[in-house]
Amino acid sequence: MVRPHDPADLDRAFLEKRRLHLRTGQAGVFARLLPWSLINAQVTLAGLHNGRLRLVRSGQDLPYETVVGRNKAGQMFLKTAALHEQIGQGLSLALNHLHHVSPRIAALVAAVERRYRVRGGANAYVSFQREGALGPHWDNHDVIILQISGEKHWRCHGARAVHPLVSRSYPTVAEAGPVEWEDTLRPGDVLYIPRGDIHWATVAEGGHSVHLTLNLGGLRARDLLRALAGRLEGGEDAFREEVMALADEAATRRQLSAQADLLRGALEQPDVAALFTQLDGEREALQPMNLGLDRTLPDTTEIHPAARGPAGPARTLPPAQQQVLSRLLALDGARLGDLKRDLADMEGAVVAEAVAGLARAGQVWLFED
């Protein structure tokens, strides 16, 4: 995603919660992530119904009835001409949860989650007029913006709140305060914006813009405390005891004191790695589906692991598949030919068969251009 830049640059910005703009020159790679065919496929009546598609202008949703009609049989349909008319007046499209409909975007979200141990997701914003989809606002999570098509001029006003728990929008630019940073994103550009940093964007006059936003919902103290409490419940009888509202207050205080001692002891020597692994496992798996392969995979096939955490492969997998998946996780994905050369101690046919087995088991995505 950030090649040819060092991924450590983005790592440092993430750790320091510092805005970062990178020009990668990978316009072609980014375009494959979100082609127009995928965008067009999301613009449906069903998308409006299930929230995958939002019609927005400056942060305000367009009334549903503006672009939806009924035929003589009473069936609802999307009025294409009305939609195009609204687009001409500054309407933008917000495409939500694209990691649930695009395997390539799902693979990218999984890779980001593995690296930063966050809850990830992906939305896209498509604008055809100067006015963008959203006005000045901050998010309660970090975002990584990938410019897919067209150009968009971004302005950031800095952080107004420390570690905000909710997002906030500003009715006017003046209320957002002075601009702290601004620049234009072009296809192949990456922009990291930390949680709480006020930002907004406009499209170049007479142009359009498509950008993909990766949402990084970081773990907070309450997440780690909840995971820690879960571990205590599994091994400490006193921590499983119910707190009874009808009990004598003095008895309840003694009970809570005993439980607090257990929690305090666990906090003093926490198994941090185990807690992160537990929280990794709580995220719903992004399971690729592969019903079978009807031919031999070419060496140009891209293979991307679906795991949302960095834990090793399940021991239930055959040894060859475990070895291949471990290497794929270390490499963050690879082409089959490169993987064969990397695993020189295994025969190429064995590597290919292990990859096919991992695909059938829903452990990897396979991409062929």
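Residues numbered from 1 in each chain as written. Predicted model: local features only at pLDDT ≥ 70, side-chain atom pairs only at ≥ 80, totals over all residues. Heavy atoms only, no water.

1. Some words on the sheet that holds strand β18 (residues 364-367)
Right, so step 1: Strand order across the open sheet formed by 3 strands is β17-β16-β18, with antiparallel pairing between neighbours. In this open sheet, the two edge strands, each paired with only one partner strand, are β17 (334-335) and β18.
Right, so step 2: With 4 bridges joining them, strand β16 (residues 302-305) and β18 adopt antiparallel strand pairing. Looking across to β18, one finds that Pro 305 is bridged to Val 364.
Right, so step 3: Lying over the sheet, helix α6 (residues 103-116) contacts β16 and β18, oriented at roughly 135° with respect to β18.
Right, so step 4: Set on the sheet, helix α11 (residues 319-331) makes contact with β16, β17 and β18; between it and β16 the angle comes to about 90°. (Pairing = 2+ DSSP bridges. Helix = DSSP H or I, 4+ residues; strand = E, 2+ residues; numbered from the N terminus. Contact = heavy atoms within 4.5 Å. Axes fitted to C-alpha atoms, helices over the stretch in contact; angles between N-to-C directions.)

2. Things to note about the side chain of His 199
Right, so step 1: Secondary-structure assignment places His 199 in strand β14 (residues 197-203).
Right, so step 2: Its relative accessible area of 4% is what places His 199 among the buried residues.
Right, so step 3: Reaching out from His 199, the side chain makes a polar contact with the backbone oxygen of Asp 197 at a distance of 2.8 Å.
Right, so step 4: Those residues in contact with His 199 that lie beyond four places of it in its chain are Gly 135, Pro 136, His 137, Trp 138, Asp 139, Trp 154, Arg 155, Cys 156 and Ile 193. (Buried < 20%, exposed > 50% of the residue type's maximum accessible area, 1.4 Å probe, protein only. Polar contact = N/O pair within 3.5 Å; in protein donor to acceptor, adjacent residues only side chain to side chain.)

3. Concerning the packing of helix α7 (residues 221-235) against helix α10 (residues 272-282)
Right, so step 1: Two elements in contact, α7 and α10, have axes whose closest approach is 10 Å; the angle formed by their N-to-C orientations is 100°. On the basis of their axis angle, the class for α7 and α10 is roughly perpendicular. Of the residues in α10, those in contact with Asp 223, Leu 224, Arg 226, Ala 227, Leu 228 and Arg 231 of α7 are Ala 274, Leu 275, Gln 278, Leu 279 and Glu 282.
Right, so step 2: In terms of residue class, the contact of α7 with α10 is made up of 6 nonpolar, 1 polar and 4 charged. (Parallel < 35°, antiparallel > 145°, perpendicular 65-115°, else oblique. Nonpolar A, V, L, I, M, F, W, Y, C, P; charged D, E, K, R; others polar.)

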